[in-house]
Amino acid sequence: MFDVQKIRKDFPILGREVNGKPLVYLDNAATSQTPQQVIDVIVDYYQNYNANIHRGVHALSQEATDKYEQARVKIQKHFNAAKPHEIIFTSGTTHSINIVANGFSSFIKKDDEILVSAMEHHSNIVPWQMLCERTGAVLKVIPMNQEGELLMDVYYKLLSDKTKLIFCNHISNALGTINPIEEIIEKAHHVGAAVLIDGAQAAPHLVADVQELDVDFYTVSAHKVCGPTGQGMLYGKEEWLNKLPPYQGGGEMIAEVTFEKTTYADLPHKFEAGTPNICGGIAFGAAIEYMNAIGFDAIAEYEHELLEYATKKLLEIKGLKIYGTAKNKTSVISFNIEGVHPYDIGSILDKLGIAVRTGHHCAQPIMDFYKIPGTVRASFSFYNTKNEVDILVDGVVRAMKMLL
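Residues numbered from 1 in each chain as written. Predicted model: local features only at pLDDT ≥ 70, side-chain atom pairs only at ≥ 80, totals over all residues. Heavy atoms only, no water.

Here's the deal with the packing of helix α12 (residues 342-351) against helix α14 (residues 386-403)
Line of reasoning, step 1. Close contact between α12 and α14 brings their axes to 9 Å; oriented N to C, the two are set at 120°. Considered as vectors, α12 and α14 are oriented oblique to each other. Handedness of the α12/α14 crossing: right-handed. Contacts between α12 and α14 involve D344, I345, I348 and L349 from the former and L392, G395, V396, A399, M402 and L403 from the latter.
Line of reasoning, step 2. For the contact of α12 with α14, the class distribution of residues is eight nonpolar, one polar and one charged. (Axes fitted to C-alpha atoms, helices over the stretch in contact; angles between N-to-C directions. Helix = DSSP H or I, 4+ residues; strand = E, 2+ residues; numbered from the N terminus. Parallel < 35°, antiparallel > 145°, perpendicular 65-115°, else oblique. Left-handed = near helix turned anticlockwise from the far one by under 90°. Contact = heavy atoms within 4.5 Å. Nonpolar A, V, L, I, M, F, W, Y, C, P; charged D, E, K, R; others polar.)

Structure below.
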């Protein structure tokens, strides 16, 4: 049985008040909250075995190294990567994407083509624009429709022998759309193109099997899956990671250094220069364990129920429009009230203790497509409740009365 009230007790922050009101946290697409079980792992690290890893012979260093590498294996198994060294620890999805973009500078030539979807986060647009500026490659966009679904027939037409890279989010952070990445990957490989999937928004809601997907690169941020900020991972097929040059130079990523020549370490260390976020990596593994203990099937079923309930309730409000009505979507609702700026709605909701996100959500091309300045985004997690949805709806109605 999925017991949301029992789960909520794992999250200390959900018991606090904001502006004298009980916190209703609906900004999970930006950052999920952290359960006590993960907080305890963070405290345990700093209290009991805080030391640098991979280098020391003393007991603390060895213990920290073991915990860090055990976390890598936990994450490898969760995403079903073939080998632990195909999991590169990074500071998050943005860092992961930039590793790939930087590495492909060595392979991309003038007039090669790179495809991105129309619903990407800025972190999956700007690095490829920079790559095109450096190499003379051409960036092309897979368009979307009014429902927030990619136009796959146009995608097929864009593919050619010039296509070298394709980048798409698994789930849109602004609309909640679950994209058909299996089809995108398969068609890309038919023309010999590599594919990077931004899994930052997908990881809290479903489990991506990277071998079954046959994806070349997959990225995740720990803070979306009940883990710490400043920590994430890049999955890459071993053959691709061996081809890519290092992103940064420094300690740990080297095999041998002389003033004449440096040779690089084997995977994964080749891409992990300097002292890593050791505690973050260990906590990332703990967060994945926590969510697996609840069960992703149970999480998906409960969040879908919340999504349907919240959609129905919000659409009962006159003048409210939802952006992103794809048939296949997750628990994100972006909406506006006719005649009201989203920032004003968000500000009043905050006074009522309700945390939502307003603005373009680092997806400005989506807002330009709809010809709007931004949206109010309510994003739900498995620890949210229908009662919180009701509080949100009441808050929106109250805000409208004040603003209209």
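After presenting the structure, the write-up continues.
Digging into unusual backbone geometry
Line of reasoning, step 1. Its identity is not glycine, yet N19 carries a phi of approximately 55°, on the positive side.
Line of reasoning, step 2. Relative to the elements of secondary structure, N19 occurs in the loop between β1 (17-18) and β2 (21-22).
Line of reasoning, step 3. By relative accessible area, which is 45% here, N19 ends up partly exposed. (Buried < 20%, exposed > 50% of the residue type's maximum accessible area, 1.4 Å probe, protein only.)

Things to note about the sheet that holds strand β9 (residues 217-221)
Line of reasoning, step 1. Pairing in this open sheet of seven strands is mixed, and the strands run β4-β10-β9-β8-β7-β5-β6 from one edge to the other. The sheet is open, and its two borders are formed by β4 (87-90) and β6 (138-142), each paired with just one other strand. Strand-to-strand twist across the sheet, computed as the mean angle between neighbouring axes with direction ignored, equals 20°.
Line of reasoning, step 2. In this structure, strand β5 (residues 113-117) lies alongside strand β7 (residues 163-169), joined through four bridges in parallel fashion. Paired with L115 across the bridge in β7 is I166.
Line of reasoning, step 3. Sheet contacts for helix α3 (residues 59-79): β4, β9 and β10 (232-236); angle to β4, the most-contacted strand, approximately 120°. (Pairing = 2+ DSSP bridges.)

Let's talk about the packing of α3 against helix α10 (residues 278-294)
For any two helices packed against each other, one specifies the crossing angle of their axes together with the interaxial distance.
Line of reasoning, step 1. Two numbers describe how α3 lies on α10: the axes approach to 8 Å, and their chain directions differ by 40°. Considering the angle they form, α3 stands oblique to α10. Regarding α3 and α10, the two cross each other, and that crossing is left-handed. Residue-level contacts link A64, K67, Y68, A71, K74, I75 and H78 of α3 to I278, G281, I282, F284, G285, I288, E289 and N292 of α10.
Line of reasoning, step 2. For the contact of α3 with α10, the class distribution of residues is eight nonpolar, four polar and three charged.

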